[in-house]
Protein chains: 2
Amino acid sequence: MSDEFLVVPDPDDPMLSRPVSGVDQDGKPVEINVVHERPLTLFLNGQEIVTMMTIGDHPEMMAVGYLLNQNMLRADDTVTGIDYDEDLELVVVRTQRETDYEEKLKKKTRTSGCAQGTVFGDVMESFASISLNRDARLKTSWLYALMKKINTAPSLYLKAGAIHGCVLCHEDRPLVYMEDVGRHNAVDKIAGYMFLEKMSPHDKIFYTTGRLTSEMIIKCVQMQIPILISRSGFTAWGVDLARDAGLTLIGRARGKRFVVLAGEDRIEFDADMSQVAEEDRRHRRKATEMDSA
Amino acid sequence: MSDEFLVVPDPDDPMLSRPVSGVDQDGKPVEINVVHERPLTLFLNGQEIVTMMTIGDHPEMMAVGYLLNQNMLRADDTVTGIDYDEDLELVVVRTQRETDYEEKLKKKTRTSGCAQGTVFGDVMESFASISLNRDARLKTSWLYALMKKINTAPSLYLKAGAIHGCVLCHEDRPLVYMEDVGRHNAVDKIAGYMFLEKMSPHDKIFYTTGRLTSEMIIKCVQMQIPILISRSGFTAWGVDLARDAGLTLIGRARGKRFVVLAGEDRIEFDADMSQVAEEDRRHRRKATEMDSA
């Protein structure tokens, strides 16, 4: 495991995955690793907010991040306690400020990628007031280095699949790598980590395996991270929101390729593309050989 | 377009995607197609139920399917009208039976893959009472034929990516192919189609590009379809639920490979695997050549 990461997935944690027996395409017995999902009910100061399905690591960070990304916790709030009860599958966040989100909880929005939330209304209001750091930079050499480090780090994705990952990065260094069955849980864990560790978002880069839907853009902008990279594709509204917010939006980042649909002025095209292409070809050949084996 | 399908995506519908300009990894201008997502607010008999983010095709089917899969509409309910207002972005479903789900709407669950719903409580109760057709069969030759037909059918996935697909199938024939930014919307559209067209689920096969999470299993069982196939992976709870319900659960179906983790007794391993392997190798070689070009 690279010492570049501050937080990495623990694929060997037996709480997160387990081997399951089945048969393959030839009818032969196989055993594969499968991730767990379990409910976690979140309370804020005595009020039940939501039940989330999660792999279950970092419940405190996920709870805080969820509340932040739903505008139920403010950047200047003082968190006086976070109690996680594994047996009861619940987590309680307590704040100095008294809170009551009864009205907000009545308004339900099912968003496209995942999650239930109040994406309209107050979240969109705060979205419009955020200015992202114009001076943040992304060198393409960093982007290729990040993807290589992230793709080769031990992860539940490599062990069991069926999981999304998000990584908070600085320049060419991946810092915080979170995974979850719901990609928005992984985002929320990173938001919670940044809040609890008082980490600045303004010089950071956010990498996700998930698609660049409206909700992903909104969360990234709310977290005030100026650059968002995904191995997956875009939606039209996501692109519109990124352009409105001045977010640098990069999608379809696989191998040597990527596409920038917003904020390209933050990008420095410094990578040696002939070297990148050669490495990409070598990687593809190896993958094809392994798949055909 | 194959005449095998009763319903297929319309990738040329300008409402569903649009070209967007950006730059690629070399800083050169590119134009790519990107899917739309838009809000659609669902009312049942005057009560606001939820706002969904969707690509926007088949709003009536999606509305009916959502209500069915949330147990807000019963199989024996008479739908007296469905009104879709494109400008107001809302759809109203009216039933003979009076409905009031105020209490149910207060209980919120954020599920792992997607969607907000009341997965626990009444949905789990009805889940336990469903028996799936034991006599349903899946020949592996059908499975390979289905995957080939589905993967080569014109779709928004091929045109723009960043979208999930679900296909209702009978033997080796794909019947109803629905796509959406949220995979649960695609499932709901098929549930609505089956209800409105009075199509029997008992001899059908359900194919999805999405992961086999608890919610996907629950929806498939609620729809009473005995066989579920995905190109993606499993979660542990999904496997447990499939085994409890007697659902045939096939995942990681790509190329010649797949894994069965529940209900393997419905499968007939009749495919000529040497032919399947040869076709798979040819396909991989072509894909690698195209990607390296």
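Residues numbered from 1 in each chain as written. Chains lettered and ligands numbered in written order. Predicted model: local features only at pLDDT ≥ 70, side-chain atom pairs only at ≥ 80, totals over all residues. Heavy atoms only, no water.

A. Spotlight on the domain arrangement of chain A. Residue and element names in this part refer to chain A. Under the domain assignment, chain A is made up of domain 1 (38–120) and domain 2 (138–292). With centres defined by C-alpha atoms, the gap from domain 1 to domain 2 works out at 25 Å. At the interface, 27 residues of domain 1 touch 25 residues of domain 2. In total, about 2,000 Å² of surface goes out of reach between domain 1 and domain 2, with carbon and sulfur atoms giving 66% of it. Here domain 1 and domain 2 share one salt bridge between them. Among the salt bridges present, the one from Asp57 reaches Lys189, with a minimum N-O distance of 2.5 Å. Inspection of the region where domain 1 meets domain 2 yields six residue pairs in polar contact (both at pLDDT 80 or more). Contributing elements (two or more residues each) for the side of domain 1 that touches domain 2: β4 (47–54), α1 (59–69) and β5 (79–85). Of all the elements, α1 adds the most residues to the side of domain 1 that touches domain 2, at seven residues. (Domains from an automatic or database assignment. Contact = heavy atoms within 4.5 Å. Buried area = accessible area lost by both parts, 1.4 Å probe. Salt bridge = Lys/Arg side-chain N within 4 Å of Asp/Glu carboxyl O. Polar contact = N/O pair within 3.5 Å; in protein donor to acceptor, adjacent residues only side chain to side chain. Helix = DSSP H or I, 4+ residues; strand = E, 2+ residues; numbered from the N terminus.)

B. Region of the structure containing the sheet that holds strand β15 (residues 257–262) of chain B. Read across the sheet, eight strands follow the order β2(A)-β1(A)-β15(B)-β14(B)-β13(B)-β12(B)-β10(B)-β11(B) without closing on themselves; strand pairing throughout is mixed. Strand pairing shows two members of the sheet lacking a second neighbour, β2 (29–35) of chain A together with β11 (173–180) of chain B, which therefore form its edges. Across this sheet, the average inter-strand angle for adjacent strands is 30°, counted without regard to direction. Where strand β14 (residues 248–254) of chain B meets β15(B), four bridges bridge the pair, whose relative direction is antiparallel. Its bridge partner lying in β15(B), Leu249(B) is registered against Ala262(B). On the sheet, helix α4 (residues 140–152) of chain B packs against β10 (164–170), β11, β12 (205–208), β13 (227–230), β14 and β15 of chain B and is oriented at approximately 45° with respect to β11(B). (Pairing = 2+ DSSP bridges. Axes fitted to C-alpha atoms, helices over the stretch in contact; angles between N-to-C directions.)

C. Seen up close, the pairing of strand β3 (residues 38–44) of chain A. Residue and element names in this part refer to chain A. Taking burial as the measure, the seven residues of β3 include five buried ones, the bulk of the element. Alignment of β3 against β4, held across seven bridges, turns out to be antiparallel. Its bridge partner lying in β4, Thr41 is registered against Thr51. The pairing of β3 with strand β6 (residues 90–95) spans four bridges and is classified as parallel. The residue bridging Thr41 from the neighbouring strand is Leu90, located in β6. (Buried < 20%, exposed > 50% of the residue type's maximum accessible area, 1.4 Å probe, protein only.)

D. Inspection of unusual backbone geometry at higher detail. Residues and elements named next belong to chain B. Located in the positive-phi region is His58, a residue other than glycine, with phi close to 50°. Within the fold, His58 resides in the loop between β4 (47–54) and α1 (59–69). In this structure His58 comes out as partly exposed when scored by relative accessible area, which is 25%. The backbone of Glu171 sits at a positive phi, close to 50°, despite the residue not being glycine. Structurally, the position occupied by Glu171 is in the loop between β10 and β11. A relative accessible area of 36% places Glu171 in the partly exposed class.

E. Just the sheet that holds strand β1 (residues 17–24) of chain B, in detail. Taken in spatial order, the eight strands of this open sheet run β11(A)-β10(A)-β12(A)-β13(A)-β14(A)-β15(A)-β1(B)-β2(B), and their pairing is mixed. The open sheet has two free edges, formed respectively by β11 (173–180) of chain A together with β2 (29–35) of chain B, since each of these has just one partner strand. Taking each pair of neighbouring strands and ignoring which way they run, the sheet shows an average axis angle of 30°. Pairing between strand β13 (residues 227–230) of chain A and strand β14 (residues 248–254) of chain A: three bridges, direction parallel. Its bridge partner being in β14(A), Ile227(A) is matched across the sheet by Thr248(A). Against the sheet, helix α4 (residues 140–152) of chain A contacts β10 (164–170), β11, β12 (205–208), β13, β14 and β15 (257–262) of chain A, and its axis sits at roughly 45° relative to β11(A).

F. Expanded view of the side chain of Asn185(A). Here Asn185(A) lies in helix α6 (residues 183–196). Among the residues examined, Asn185(A) registers a relative accessible area of 2% and is labelled buried.

G. Up close: the layout of surface pockets. Residues and elements named next belong to chain A. Estimates place the volume of the second largest pocket at around 560 Å³. Surrounding the second largest pocket, 19 residues form its lining, Leu68, Ala75, Gln222, Met223 and Gln224 being those nearest its centre. Counting residues per element, the ones that place at least two in the lining of the second largest pocket are α1, α3 (122–128) and α6. If you tally residues by element for the lining of the second largest pocket, the top one is α6, at three residues. Here the lining of the second largest pocket is composed, by residue class, of 10 nonpolar, six polar and three charged. (1 Å grid on protein atoms, 1.4 Å probe; cavity = no way out; pocket = protein on both sides within 12 Å on 5 of 7 lines; lining within 4 Å. Points joined across faces, edges and corners; volume = space filled by probe spheres on them. Nonpolar A, V, L, I, M, F, W, Y, C, P; charged D, E, K, R; others polar.)

H. Layout of the pairing of β6(A). All names here are of chain A. Direction of pairing for β5 relative to β6: antiparallel, over a ladder of six bridges. Bridging across to β6, Asp85 finds its partner in Leu90. From the end of β5 to the start of β6, which pair antiparallel, there are four residues, and Glu89 there has a positive phi angle of about 55°.

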